[in-house]
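What follows is the residue order along each chain.
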Amino acid sequence: MNDGLPFQDGEQVLLTDQRGKRHLIFLRKSETFHSDRGWLPHDAIIGQPEGSWVRSSMGLRYLALRPTLAEYVLEMPRGAQVIYPKDLAMILFWADVYPGCRVLEAGTGSGALTLALLRAVGPDGRVITYEQRDEFARRALANIHMRLGEVASLMVRLRPVEDGLPDEDPVDRIFLCYVPTIVQSQQIAEALQRERHWALVETFETLYRPWNIEGQSVRPFHRMVAHTGFITVARRVVPEESGAPAARLSRHQPDDGER
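Computed from a predicted structure; not experimentally measured.

Participant: If you had to explain the sheet that holds strand 6 (residues 61-65) to someone new, which residues and values would you point to?
Facilitator: Pairing between sheet strands relies on hydrogen bonds along the backbone, with the strands arranged either parallel or antiparallel. As summarised here, the arrangement of the four strands in space is 2-1-6-5, forming an open sheet in which the pairing is antiparallel. Here the strands that pair on one side only, and so sit at the sheet edges, are strand 2 (22-26) and strand 5 (53-55). Neighbour to neighbour, the strand axes of the sheet diverge by 35 degrees on average, direction disregarded.

Participant: So what about the packing of aromatic side chains? Which residues, and what values?
Facilitator: Two measures describe an aromatic ring pair: the distance that separates the ring centres and the angle between the ring planes. Scanning the model with the defined rule gives two aromatic pairs in all. Here Phe-33 and Tyr-62 contribute two aromatic rings whose centre-to-centre distance is 5.7 Å and whose plane-to-plane angle is 90 degrees, an arrangement assigned as edge-to-face. Of this pair, Phe-33 sits in strand 3 (residues 32-35) while Tyr-62 sits in strand 6, and the two are 29 residues apart along the sequence. Here Phe-33 and Tyr-62 have matching classes, each one buried. Ring plane angle 45 degrees and centroid distance 5.2 Å describe the contact between Trp-94 and Phe-204, whose orientation is recorded as tilted. Here the residue Trp-94 occupies a position in helix 2 (residues 85-94), and Phe-204 occupies one in strand 12 (residues 198-204), the gap between them amounting to 110 residues.

Participant: Tell me what's going on with the environment of Leu-200, and back it up with residues and numbers.
Facilitator: Following the sequence through the fold, Leu-200 ends up in strand 12. Judged by its relative accessible area of 24%, Leu-200 falls in the partly exposed class. In sequence terms Leu-200 and Gln-187 are 13 residues apart; their C-alpha atoms lie 16 Å from each other.

Participant: Outline the pattern of salt bridges, listing residues and values.
Facilitator: The tally for this structure, following the rule as stated, stands at 10 salt bridges. Across the pair Asp-96 and Arg-173 runs a salt bridge, and its minimum N-O distance is 3.7 Å. Of this pair, Asp-96 sits in the loop between helix 2 and strand 7 (102-106) while Arg-173 is found in strand 10 (residues 173-175), placing the two residues 77 residues apart along the sequence. Classification of Asp-96 by relative accessible area gives partly exposed; the value is 47%. Close ionic contact of Asp-172 with Arg-102 constitutes a salt bridge, the shortest N to O distance being 3.1 Å. One end of the pair, Asp-172, is in the loop between strand 9 (154-157) and strand 10; the other, Arg-102, is in strand 7, with 70 residues separating them in the sequence. Its relative accessible area of 27% is what places Asp-172 among the partly exposed residues. Residue class for Arg-102 comes out partly exposed when judged on its relative accessible area of 35%.

Rules used throughout
Residues numbered from 1 in each chain as written. Predicted model: local features only at pLDDT ≥ 70, side-chain atom pairs only at ≥ 80, totals over all residues. Heavy atoms only, no water. Pairing = 2+ DSSP bridges. Helix = DSSP H or I, 4+ residues; strand = E, 2+ residues; numbered from the N terminus. Axes fitted to C-alpha atoms, helices over the stretch in contact; angles between N-to-C directions. Phe/Tyr/Trp six-rings, centres within 6.5 Å; stacked < 30°, edge-to-face > 60°. Buried < 20%, exposed > 50% of the residue type's maximum accessible area, 1.4 Å probe, protein only. Salt bridge = Lys/Arg side-chain N within 4 Å of Asp/Glu carboxyl O.

Here's what the structure looks like:
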């Protein structure tokens, strides 16, 4: 990233027009960006400070910014459906991913979670991602390299995660349980609860509702990013003695009104 520097040839820029429509482009000298609202030479952006306004040939104003990771995830090319930023934030925090952490991801998809994990674990960590479909892995790697360049902390394995981990791949966190339906979530939760090695099993979803604040008009947006997927988390524990009833612990403790 080149925060604080003018836009340079070869870097990404996010153009947002007056209608809120976004375009993620690579700046190249002598090239031109085209839209239904006219054309804009890349040279008009290169050398400008981040946050500048530029105009197309038809007079439409664009705000030029370097994309955040959340913006990049939403605008980058997709093979599989991406995990939304609202869920990525919850996954990273609830899984307690830290710098130097070694994590395993099942299903690389388009690389959204992989990107978030790589930034969270840092150069001293390791992300091992399993993907069965070669075309998904290629697309994800292209998205990752476009954002981060070559990454030494990433290991991609083109095979099912069910085949098991090599002995040289010990990990601190495993990312498996993000599914679209409650039936799948129920199956996952019940499977975890049957195993004595797991406790604090919890399933939740994240809802994101923006608000419009403009003068006397203060109201929630008419549209919101509601359900996208269910997240199930669990903690690995030391199993109790054989024959003892399995503990059914959860993170959520009811208050006085729920008992």
